[in-house]
Amino acid sequence: MEIKVMHQVMEWNEDVSDAVKAELASHKVCLVNVLGSPGAGKTSTIVALIDRLREKYRIGVIEGDIAGQIDADKIHALGLPVVQLDTDGACHIEAMSIQHILKEFDLDSLDVLFVENIGNLVCPAEFNIGESFRLALLSVPEGDDKVEKYPLMFATTDALAINKYDLKEYFGFDDARVEANARGVNPDVTVFRVSSRDGLGLDELADWVAQRIDASRGVC
Ligand SMILES: Nc1nc2c(ncn2[C@@H]2O[C@H](COP(=O)(O)OP(=O)(O)O)[C@@H](O)[C@H]2O)c(=O)[nH]1
Ligand SMILES: [Mg+2]
């Protein structure tokens, strides 16, 4: 019985995720679910992508955090619509929260909604939130064994950005190991090597994100 309760929650989340997807599709808005550990560079990468994509797309952001609004302040400073989702300690975002928050945006004035998920390599991977696609980040200082230790995160993402590539030499980080393991659990994953600090690989990542946005909005 106890197990069934969790099962029902997951199924219910899937239903709500489908409803969010339908709602966004009716407004031609693409939702991008950005995942990764605390400090992996989610906010920095979203800011770098905004910089490269804001001339082409009307962008909004949902900033998920367990507490505080530091990241939402950074997005607000860019002059974009942003809503802070404070999970009050919960380790992931559920579709129901996104469904609720969509009311805060004028969806007809948006093309893309980035969601910065809660910093965590475990539970956020389990919950679809109505996304068109996922972008997972793994940063070099976290270590090159993380795909083996947290496979679901990397099995369920559409792209993996290995961030803080500028630090690779300092950490003896084996990116070939990460890529091979990611392809082992997810043969179709697209892998990027980026530095959200010095700009390495970000144009390529932004091009890929733009292609996925266009595909999901039926533009191409
Ligand atoms: N060296 C280096 N530092 C980075 C890079 N990307 C982000 N950082 C730094 O890592 C820290 C955490 O970044 P943040 O974007 O807040 O990570 P988040 O917690 O995943 O949103 C900040 O001090 C960033 O300046 C990178 O590519 N290289
Ligand atoms: Mg952040």
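Look up a bit, the structure's there.
Since we're looking at a predicted model, the values are computed, not measured.

Chemist: Honestly, the overall build of the chain in this entry has me stumped. Any pointers?
Modeler: The number of helices and strands found in the chain is nine helices and seven strands. Taken over the C-alpha trace, the chain has a radius of gyration of 17 Å; the compact-globule value for 220 residues is 17 Å, and the two agree within 12%. With the C-alpha coordinates aligned to their principal axes, the bounding extent of the chain is approximately 50 × 45 × 35 Å. Pairs at least 24 residues apart make up 75% of the contacts formed inside the chain by residues separated by at least 6 positions.

Chemist: What is the right way to look at the nonpolar core in this model?
Modeler: Generally speaking, soluble globular proteins have nonpolar side chains that are buried together. In terms of nonpolar packing, the biggest core is built from 59 residues, with V32, V112, F114, V115, L160, A161 and I162 touching the most fellow members. The residues contacting I162, other than those within four sequence positions of it, are L138, V140, D175, V178, V191, F192, R193 and V194.

Chemist: Looking at this model, I keep getting lost on the environment of L110. Mind explaining?
Modeler: By the element assignment, L110 lies in the loop between α4 (95-101) and β4 (112-116). Residue classification places L110 among the buried residues on the basis of 21 C-beta atoms within 10 Å. Linking L110 and D15, residues 95 residues apart in sequence, is a C-alpha distance of 24 Å. For L110, the contacting residues outside a window of four places in its chain are V29, R58, G60 and F105.

Chemist: What is the right way to read helix α2 (residues 42-53) from this model?
Modeler: A turn of α-helix holds 3.6 residues, and therefore any two residues three or four places apart point the same way. Taking 1.5 Å per residue, 12 residues should reach 16 Å; α2 reaches 16 Å between its end C-alpha atoms and fits that length. Looking at α2, one finds that the buried residues are K42, T43, S44, T45, I46, A48 and L49.

Chemist: When you look at the site of ligand 1 in this model, what are you seeing that I'm missing?
Modeler: Contacts to ligand 1 come from 16 residues, most closely from G41, K42, T43, S44 and R197. When residues of the shell around ligand 1 are assigned to their parent elements, the largest contribution, three residues, is made by α2.

Chemist: What should I look at first to understand the sheet that holds strand β6 (residues 159-163) in this one?
Modeler: Consider a sheet: its strands pair through backbone hydrogen bonds, and that pairing is either parallel or antiparallel. In spatial order, the strands read β3-β2-β4-β1-β5-β6-β7; together these seven strands make up an open sheet with parallel pairing. Only two strands of the sheet have a single partner each, and these edge strands are β3 (82-86) and β7 (190-193). The sheet shows a mean angle of 20° between the axes of neighbouring strands, direction not considered. Pairing of strand β1 (residues 30-36) with β4, which is carried by five bridges, proceeds in the parallel orientation. Residue pairing in the sheet places V34 in a bridge with E116 of β4. α2 contacts β1, β2 (59-65), β4, β5 (133-139) and β6 of the sheet and is inclined by roughly 165° relative to β4.

Chemist: Looking at this model, I keep getting lost on the pairing of β3. Mind explaining?
Modeler: Regular strands place side chains that alternate from one sheet face to the opposite one. Direction of pairing for β2 relative to β3: parallel, over a ladder of five bridges. By the bridge assignment, D65 is partnered in β3 with D86.

Chemist: I keep staring at the environment of R134 and nothing clicks. Help me out?
Modeler: Looking at the element boundaries, R134 is found in strand β5. According to the C-beta neighbour criterion, R134 is buried, with 23 such atoms within 10 Å. Remark: the alpha-carbon pair of R134 and K149, spanning 15 residues in sequence, is separated by 19 Å.

Criteria and thresholds
Residues numbered from 1 in each chain as written. Chains lettered and ligands numbered in written order. Predicted model: local features only at pLDDT ≥ 70, side-chain atom pairs only at ≥ 80, totals over all residues. Helix = DSSP H or I, 4+ residues; strand = E, 2+ residues; numbered from the N terminus. Rg over C-alpha atoms; globule rule 2.2 N^0.38 Å. Contact = placed C-beta atoms within 7 Å. Core = buried A, V, L, I, M, F, W, Y, C linked by C-beta atoms within 7 Å. Buried ≥ 20, exposed ≤ 12 C-beta atoms within 10 Å, placed from the backbone. Expected span 1.5 Å × (residues − 1). Near = placed C-beta within 6 Å. Pairing = 2+ DSSP bridges. Axes fitted to C-alpha atoms, helices over the stretch in contact; angles between N-to-C directions.

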